[in-house]
Amino acid sequence: AALLSSLATFGAGFAVRPFGAAVFGRIGDIIGRKFTFLVTITVLGVWTALVGILPTYAQIGILAPIILVVLRLAQGLALGGEYGGAATYVAEHAPDHARGKYTSWIQTTATVGLLLALAVILIFRLGMGDAAFREYGWRIPFILSAALVVLALFIRLRLQETPLFSRLKAEGRSTSSPWRESFGDPKNRRLILLALFGMTAGQAVVWYQGQFQALFFMQNILGVKFSTTYLIVGTAIVLATPFFIFFGRLSDRVGRKPIILAGCLVAALTYYPIYNLMFTAANPVPNPKTDPAITSTFISSNPNLVALIALVWIQVVFVTMVYGPIAAFLVEFFPARIRYTSLSIPYHIGNGWFGGFLPLIAASLFAATGNIYAGLIYPIVVALLTAAIGWRYVRETKDVRIWDEVGGQTENVPKATSPVT
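Just so it is clear, the structure is predicted and the values come from calculations on it, not from any experiment.

## Quick look at the overall build of the chain
And then number 1: Across its full length, the chain carries 19 helices and 2 strands.
And then number 2: Its C-alpha atoms give the chain a radius of gyration of 22 Å, within 12% of the compact-globule value 22 Å for 421 residues.
And then number 3: Within the span of the chain, comprising 421 residues, buried residues form 54% of the whole.
And then number 4: Sequence-distant contacts, at least 24 apart, represent 84% of the contacts inside the chain between residues at least 6 apart.

## Some thoughts on helix 12 (residues 226–240)
An α-helix turns once per 3.6 residues; consequently, residues spaced three or four apart project the same way.
And then number 1: Taking 1.5 Å as the rise per residue, helix 12 with 15 residues should run 21 Å; its terminal C-alpha atoms sit 21 Å apart, in good agreement.
And then number 2: Within helix 12, the full set of buried residues consists of Thr 228, Thr 229, Tyr 230, Ile 232, Val 233, Gly 234, Ala 236, Ile 237 and Ala 240.
And then number 3: Here the buried face of helix 12 lies against helix 6 (99–128), helix 11 (186–221), helix 13 (242–254) and helix 15 (305–323).

## Observations regarding the nonpolar core
As a rule of thumb, nonpolar side chains are buried together in soluble globular proteins.
And then number 1: With 97 residues, the main nonpolar core has Met 218, Tyr 275, Met 278, Val 312 and Tyr 323 as its most contacted residues.
And then number 2: Counting residues per element, this core draws most heavily on helix 11, at 17 residues.
And then number 3: Leave out the neighbours within four places in its chain, and Val 312 touches Gly 210, Ala 214, Met 218, Ile 232, Val 233, Ala 236 and Met 278.

## Let's talk about the packing of aromatic side chains
And then number 1: Across all of its chains, the model carries 23 aromatic pairs by this definition.
And then number 2: Geometrically, the ring pair formed by Trp 138 and Phe 142 is edge-to-face, given 6.1 Å between the ring centres and 80° between the ring planes.
And then number 3: Considering the side-chain rings of Phe 246 and Phe 247, the 5.0 Å spacing of their centres and the 75° angle between planes classify their relative orientation as edge-to-face.
And then number 4: For Phe 246, a relative accessible area of 45% translates into the label partly exposed.
And then number 5: Among the aromatic residues, those joined into a ring-pair cluster are Phe 14, Trp 207, Tyr 208, Phe 212, Phe 244 and Tyr 323.
And then number 6: The ring of Tyr 102 has Lys 101 lying over it, and the distance from NZ or CZ to the ring centre is 5.0 Å.
And then number 7: Here the guanidinium or amino end of Arg 125 rests over the ring plane of Phe 226, the centre of that ring lying 3.6 Å away.

## Brief notes about helix 18 (residues 358–369)
And then number 1: Look at helix 18: 16 Å from first C-alpha to last across 12 residues, which is about the 16 Å you get at 1.5 Å a residue.
And then number 2: When helix 18 is considered as a whole, its buried residues turn out to be Leu 358, Pro 359, Ala 362, Ala 363 and Phe 366. Each buried residue of helix 18 sits inside an arc of 125° when the element is viewed along its axis, so together they form one side. Those residues of helix 18 that are exposed and angled more than 90 degrees off the buried face are Ala 367 and Ala 368.
And then number 3: Positive phi shows up at Gly 370, right after helix 18, with a value of about 80°.

## Quick notes on the environment of Gly 184
And then number 1: In this fold, Gly 184 is placed in helix 10 (residues 178–184).
And then number 2: Exposure remark for Gly 184: the relative accessible area of 47% places this residue in the partly exposed category.
And then number 3: Here the alpha-carbon distance between Gly 184 and Phe 246, two residues 62 residues apart in the chain, equals 38 Å.
And then number 4: Once residues lying within four places of it in the same chain are set aside, the contact partners of Gly 184 are Trp 179 and Arg 189.

## Some remarks on the packing of helix 12 against helix 13
And then number 1: Look at helix 12 against helix 13: their axes get within 5 Å of each other, and the N-to-C directions meet at 35°. Note on element contacts: helix 13 touches helix 12 through Pro 242, Phe 243 and Phe 244, opposite Val 238, Leu 239 and Ala 240.

## Quick word on the side chain of Ser 344
And then number 1: In this fold, Ser 344 is placed in helix 17 (residues 339–355).
And then number 2: If near-sequence neighbours (up to four positions away) are discounted, Ser 344 is found in contact with Ala 21, Gly 80, Gly 84 and Arg 339.

## Quick word on unusual backbone geometry
And then number 1: Positive phi is not limited to glycine here, since Asn 283 has a value of about 50°.
And then number 2: Along the chain, the position of Asn 283 falls in the loop between helix 14 (256–282) and strand 1 (285–286).
And then number 3: For Asn 283, a relative accessible area of 41% corresponds to the partly exposed category.

## Let's talk about the pattern of salt bridges
And then number 1: Counted under the stated rule, the structure contains 9 salt bridges.
And then number 2: Among the salt bridges present, the one from Asp 130 reaches Arg 125, with a minimum N-O distance of 2.7 Å.
And then number 3: Asp 130 sits in the partly exposed class, given a relative accessible area of 29%.
And then number 4: Across the pair Asp 399 and Lys 398 runs a salt bridge whose closest N-O atoms are separated by 3.0 Å.
And then number 5: Classification of Asp 399 as exposed rests on a relative accessible area of 61%.
And then number 6: A cluster of three or more residues bridged by salt bridges with shared partners is formed by Asp 96, Arg 99, Asp 252, Arg 256 and Glu 332.

## So, the side chain of Thr 48
And then number 1: Here Thr 48 shows up in helix 3 (residues 33–51).
And then number 2: One polar contact links Thr 48 to Gln 75, side chain to side chain, over a distance of 2.8 Å.
And then number 3: Look past the residues within four positions of Thr 48 in its chain and what remains in contact with it is Gln 75, Phe 142 and Ser 145.

## Observations regarding the environment of Arg 253
And then number 1: Mapped onto the elements of the fold, Arg 253 is located in helix 13.
And then number 2: Arg 253 gets classed as exposed once you look at its relative accessible area, which sits at 68%.
And then number 3: For the pair Arg 253 and Ala 98, spaced 155 residues apart in the sequence, the C-alpha separation amounts to 9.1 Å.

Thresholds, definitions, all that
- Residues numbered from 1 in each chain as written.
- Predicted model: local features only at pLDDT ≥ 70, side-chain atom pairs only at ≥ 80, totals over all residues.
- Heavy atoms only, no water.
- Helix = DSSP H or I, 4+ residues; strand = E, 2+ residues; numbered from the N terminus.
- Rg over C-alpha atoms; globule rule 2.2 N^0.38 Å.
- Buried < 20%, exposed > 50% of the residue type's maximum accessible area, 1.4 Å probe, protein only.
- Contact = heavy atoms within 4.5 Å.
- Expected span 1.5 Å × (residues − 1).
- Core = buried A, V, L, I, M, F, W, Y, C linked by side-chain atoms within 4.5 Å.
- Phe/Tyr/Trp six-rings, centres within 6.5 Å; stacked < 30°, edge-to-face > 60°.
- Lys NZ or Arg CZ within 6 Å of the ring centre and 35° of its normal.
- Arc of directions from axis to C-beta.
- Axes fitted to C-alpha atoms, helices over the stretch in contact; angles between N-to-C directions.
- Salt bridge = Lys/Arg side-chain N within 4 Å of Asp/Glu carboxyl O.
- Polar contact = N/O pair within 3.5 Å; in protein donor to acceptor, adjacent residues only side chain to side chain.

Okay, here's the thing in structure tokens:
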């Protein structure tokens, strides 16, 4: 019950992400890409740092968990506008022929961010001791995140508005009603639904299953020590991260659709054997439940690290397949005047609801059935549905020339340099 409650609190931030996408997407389509993600990073950073100074239950009672949920909701709202801004900003700086390559770099940041988070937590837990970390040490990473926010703001203040949006606005072709155009127009509404069910829903469950759930499965079910699971997932991420760029560049040649949907299909077909092999590699024994500090179903004292790293690595490679080309696809799937709003909604319903609630749904299925593999049912079904809908109804986008909407690419958009520089 405590675990499900904590996962529900974790999921609260994901619940409001689509609403943040609607609010900040509207601002991004009316005012501009740069201004919007200056606002989102500030809001996200402030509320994250506040988690680090949250009073305890012993100090203020029931208000403590209520405030925590409120802070998670605020984080989710800000994050709802963050991704759309980043994806749109990079894509609208990139040339048409290499959009997958350039946008795949921003796709690495979610996974690398998870890697850095695991490293920070591991350093503090091992350095302080588990008891001290649980008492007060967990606050330190939240407070230190304020420094990253200041750095991000410094960088973003130096950036310019995207040339594509600037030209669109200068020509008087930007929208004043992105919500009405996105949801009121049946054609655009259909595009949003297709992007959600035919792409981002499956992409999301593969992303969360391959990283969060692999970690959860090893820690909370197989009973592998937290430090060992961090090492396994961290190593797998390091080895798999270059594949974001590989699949992003490959999508410029063969298309976004076949790579993303193949990743969904292969993941769905192989999850069950992979997790069976993870069970074998962990060498677990049933938990005698004599030690109240041990809450896992099994206890693994002698796991096969090489095998577990390889099995998690395979899952992270699936993540790179579905996630590497997704930003380029979403940008190309929607017209420039409503791009920020329209791409943010399906992305954050997919990643916020279908993906964000995966840990809670999987844990609930396990709790209800007692079957350690029951949690795989949800990502397998969603990934298969996305593969089927996507192949049948979603069009390929790699040949879409988004610059043609504003008269074509000009010399101020270099063909072979980083969009960031």
